[in-house]
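# Structural description and commentary
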2 protein chains.
Amino acid sequence: MSLTTSLERHKVTLLHALDMDDRQQLNQQLPELRSADIAEILHDLMEDDHELRARALLDSLPIERQASVLGHLHDEEQLVFTAVMRNDKLQAVLEEMGSDERTDLFKVLGEDRREVLLRRMAHREREELMRLASYEEGTAGALMTSDYVAIPMGITVSRAMMRVRQTAPDAETIYQLYVIDEDGCLAGTMSLRQLMVARPGTAVDELMIRDVIRVSVETPQEDVARIVARYDLLAVPVVDEQGLLVGIVTHDDALDVVESEATEDIHKGMSIGQLEDGVSRVSLLSLYRKRVTWLVLLVFGNLLSGAGIAHFEETIAAQVALVFFLPLLIGSGGNAGAQAATLMVRGMATGDVGVRDWGKLLGRELLVAGSLGLTMALAVAPIGVMRGGEAVALVVAISMISIVLFGSLLGMCLPFVLDRFGWDPATASAPLVTTLIDASGVLIYFSFATLILS
Amino acid sequence: MSLTTSLERHKVTLLHALDMDDRQQLNQQLPELRSADIAEILHDLMEDDHELRARALLDSLPIERQASVLGHLHDEEQLVFTAVMRNDKLQAVLEEMGSDERTDLFKVLGEDRREVLLRRMAHREREELMRLASYEEGTAGALMTSDYVAIPMGITVSRAMMRVRQTAPDAETIYQLYVIDEDGCLAGTMSLRQLMVARPGTAVDELMIRDVIRVSVETPQEDVARIVARYDLLAVPVVDEQGLLVGIVTHDDALDVVESEATEDIHKGMSIGQLEDGVSRVSLLSLYRKRVTWLVLLVFGNLLSGAGIAHFEETIAAQVALVFFLPLLIGSGGNAGAQAATLMVRGMATGDVGVRDWGKLLGRELLVAGSLGLTMALAVAPIGVMRGGEAVALVVAISMISIVLFGSLLGMCLPFVLDRFGWDPATASAPLVTTLIDASGVLIYFSFATLILS
């Protein structure tokens, strides 16, 4: 991504100060910049192969700032910067990070490096880090932080308040508090707002909400994000199989998940597999692999259209003018079908469309696609008359209505059918749907042509 | 959307209690349910045409709960419920709502109803409501709430804390505080966390961050959401042209924006216009309109392919077997091109791809698309040999590489070109890209055929 003008200006002065070793300028300018912005400047420097200067810039920050900036960088960038750090410095950086970012950075490091760092840690830290690193990517466990404020059951509001103040420097959020029983199980939750307006002598047990919205460590991240969105939560607590509170997922991480899941869905809609990184950074081999699978599969799907054409070779040879309308008809059907499929797939992903709505939606699609087909037939009929006379126009118009209607219904139903058989509805991508409609369209068109023209 | 099993069970007992007029059961069960869940039960009842029961359910809630539930409903549902409310009750409901939800509900009401309600309000309330309702949909102004905690400059931490406690019941969030100067201009911000750990006698001016990340009332909502995401904010302050603080946009609203913007982008990728509501609720006429525009435009685009075919009619008549490979070749090119376009459009939407990265990305696409074309040519060549001999196989293989390469480059460049001319890059939808590639593919294929076979 390109820098904004104001960041570009910051970058220029920073680099100048670095090259001149102007500590005063650096110390004045760096605290003004936010970590996300410094990370972007570093990213920009790396892209232009100014690795040494990027490193010098990072080095000129205090350790806790370095930790925060590193947390904003991508995996392979983190690897580049940490590769040249001494172990004691890397350890210090890890200690300054929140538990979720620490775990992410730890996972990026090589096996050997991890071993060395683990050996330098205290037993408890090591256990926690290994536990957090063990959860599968894409689950609540991998997303959560263990830096939350836990309040023991039975204490008073004023003691709980003291606890909040003590935990404040390290906790990811102090605005939602989690009450745990003597076993460590999640017993309730309350907001800091509730605590602040409550009488100091009240027991937290009286204030807390007992019916806590929670997720398990294995809950897929898109479900976690959907729960945060649905109930407007600041954070959602994560429990393990025994109901023990093990972490929280905060609103900012939920927001990132919604964004990245949307990207994944958009790519899936074009039969592109899940990329490990942004399109401008992911390796070429990976980009090739994620695109080639379905493209080649669909080559064979497209042979169906060819087989259909071969079947009608006589009709085509007798009236070559028919070929004129072929791309138009199958293209239009494919477009309408891809629209229908996309509307369903996205509706299912956002929870707007449920499997049980299938019947109602089928009726709606019948009406809309029928009207679309009719409109497009009217648009194409005059051209049919011009190119091949009235009989050809009739064939083309009838084919258009049929192909658009059939294509739309196919596109609409496919996601439900896939879901029914346990597949991801998003597999009903535009390329898959259009390929299927191409083949059906060939059959429909030349069948009508043979019927009407012979 | 279908209810989950647990909500379905709640619905059954609630309806039973309603029909039996069992107040005790209602009073016990309703407080356990969250507003989002009650809203979903109401929505479900409306879909099954149980409007009277839905109304009775809403009526059995306390007024502040009704306000909260109404805030979760869609526009036309809000209209149904409020249509039968008496003016004094509707006024009470509006008063219980947060300012952003109040404005949204107000905008749904008819002109007459709005007049009546405005006349019943105090002058200040009326002014504020009319101001909030005046901002254009899709901007920070339309999204923001005016229920934030404002701290006057110059007061101490302990006085600020008192102010927070006083405002707590009405503010959307009390966790981020905004310091305003005597003119009402935004002078700084601080978190409640900062305030809590600060010494009571300190002046807030010493604590506050002066370089506040802010947006203007006219900032598009997707930019607001991106800023909230980038800096992990709880809320972002909104200022008017004079720099006066007029509202805040909170994290939960930013999350909803990311979700709805993603839906819009996904629909746009299939040439579907922006729907006013979910696909299962939007009117059939609207759905037809949002789909038909581009479909009909692309019918004429597809005529280009037809014209290409007409131009090569002799070549085709001489070797009808060539038609066999036509859908396959243009389909494959279209798929690869749509992939390339989608990768760019999404990359630009998330800020991952900038216009300045164009050159680098072109080089990458050249390599990836070249490899894709080669792979697909290898897959299709044997079939070429089988169907039409070695010469046809050569034509098909060369055409495949050329069409996939050309299609991918076209798909990749189109979003940048559109952006350059001030259009939305997302106009480079899959249907548009595939239609363009269909036409080019016809020309490429039959040109090679004429060249090699004649």
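Preceding this paragraph is the structure being described.
Quick look at the structure, then. (Residues numbered from 1 in each chain as written. Chains lettered and ligands numbered in written order. Predicted model: local features only at pLDDT ≥ 70, side-chain atom pairs only at ≥ 80, totals over all residues. Heavy atoms only, no water.)

## A closer look at a nonpolar patch on the surface
Put simply, the rule reads: The patch calculation keeps residues exceeding 30% relative accessible area without a salt bridge and links them within 9 Å when they carry like charges or within 5 Å when they are nonpolar (Val, Leu, Ile, Met, Phe, Trp, Tyr). Using the Shrake-Rupley algorithm and a 1.4 Å probe, accessible areas are obtained, with residue cover drawn only from the displayed protein chains. A carboxyl oxygen of Asp or Glu within 4 Å of a side-chain nitrogen of Lys or Arg is what we treat as a salt bridge. Helix numbering and strand numbering both begin at the N terminus, where a helix is a DSSP run of H or I of at least 4 residues and a strand a DSSP run of E of at least 2.
On the surface, a nonpolar cluster with roughly 370 Å² of combined accessible area is contributed by A:Val417, A:Phe421 and A:Trp423. Considering the arrangement of structural elements, one finds A:Val417 in helix α20 (residues 358–420).

## Focus: unusual backbone geometry
Residue and element names in this part refer to chain A. Quick reminder of the rule: Note on exposure labels: buried denotes an accessible area under 20% of the residue type's maximum, exposed denotes more than 50%, and partly exposed covers the range between, all computed with a 1.4 Å probe on protein chains only.
The backbone of Asp-21 shows a phi angle near 55 degrees, a positive value even though the residue is not glycine. Note on placement: Asp-21 falls in the loop between α1 (5–20) and α2 (23–29). Of note, the phi angle at Asp-232 is positive, near 50 degrees, even though the residue is not glycine. On the secondary structure map, Asp-232 appears in the loop between α15 (221–230) and β5 (235–239). Judged by its relative accessible area of 34%, Asp-232 falls in the partly exposed class.

## Quick look at the interface of chain A and chain B
What counts is decided by this rule: Contacts: residue pairs with any heavy atoms within 4.5 Å of one another. The quantity reported as buried area is the accessible area (1.4 Å probe) lost by two parts once they are put together, taken as the sum for both. Within 3.5 Å is the distance limit for a polar contact, defined as a pair of N or O atoms, with the added protein rule that one can donate a hydrogen and the other accept it, and that residues adjacent in sequence qualify only through two side-chain atoms.
Contacts between the two partners involve 128 residues from chain A and, on the opposite side, 129 residues from chain B. Summing both sides of the interface, chain A and chain B together bury roughly 10800 Å²; the carbon and sulfur share of this comes to 62%. On inspection of chain A and its partner chain B, the count reaches 14 salt bridges. At the boundary of chain A and chain B, one finds 48 residue pairs in polar contact (both at pLDDT 80 or more). Per-element accounting of the side of chain A that touches chain B gives the leading share, 17 residues, to helix α17 (residues 284–311) of chain A.

## Points about the relation of the copies chain A and chain B
The operation relating the pair of chain copies consists of a rotation about an axis and a translation along that axis. Heads up, the condition is: A least-squares superposition brings the copies together, and it is based on the C-alpha atoms of residues with pLDDT no lower than 70 in both.
Of the two same-sequence chains, chain A is brought onto chain B (RMSD 0.1 Å, axial shift 0.0 Å) by a rotation of 180 degrees. The relationship between the two copies is best expressed as a two-fold rotation axis. A share of 99% of the interface residues of chain A reappears at the interface of chain B, consistent with the copies meeting face to face through the same patch.

## Focus: the packing of aromatic side chains
Rule in force here: Each aromatic pair joins two rings of Phe, Tyr and Trp (for Trp, the six-membered one) with centres within 6.5 Å, and gets the label stacked for planes under 30 degrees apart, edge-to-face for over 60, and tilted for any other angle. Placement of a positive charge over a ring is assigned whenever Lys NZ or Arg CZ falls within 6 Å of the ring centre and within 35 degrees of the normal to the ring plane.
Applying the stated rule across the entire model yields nine aromatic pairs over all chains. Ring geometry for A:Tyr445 and A:Phe446: centres 4.9 Å apart, planes at 35 degrees, overall tilted. Accessibility assignment for this pair places A:Tyr445 and A:Phe446 in one class, buried. Their ring planes at 70 degrees and their centres at 4.8 Å tell us that B:Phe324 and B:Phe325 sit as a pair that is edge-to-face. Note on accessibility: B:Phe324 and B:Phe325 belong to one class, buried. Among the aromatic side chains, those forming a connected cluster through ring pairs are A:Phe312, A:Tyr445 and A:Phe446. B:Arg387 extends its terminal NZ or CZ atom over the ring of B:Phe324, reaching a point 4.2 Å from the ring centre.

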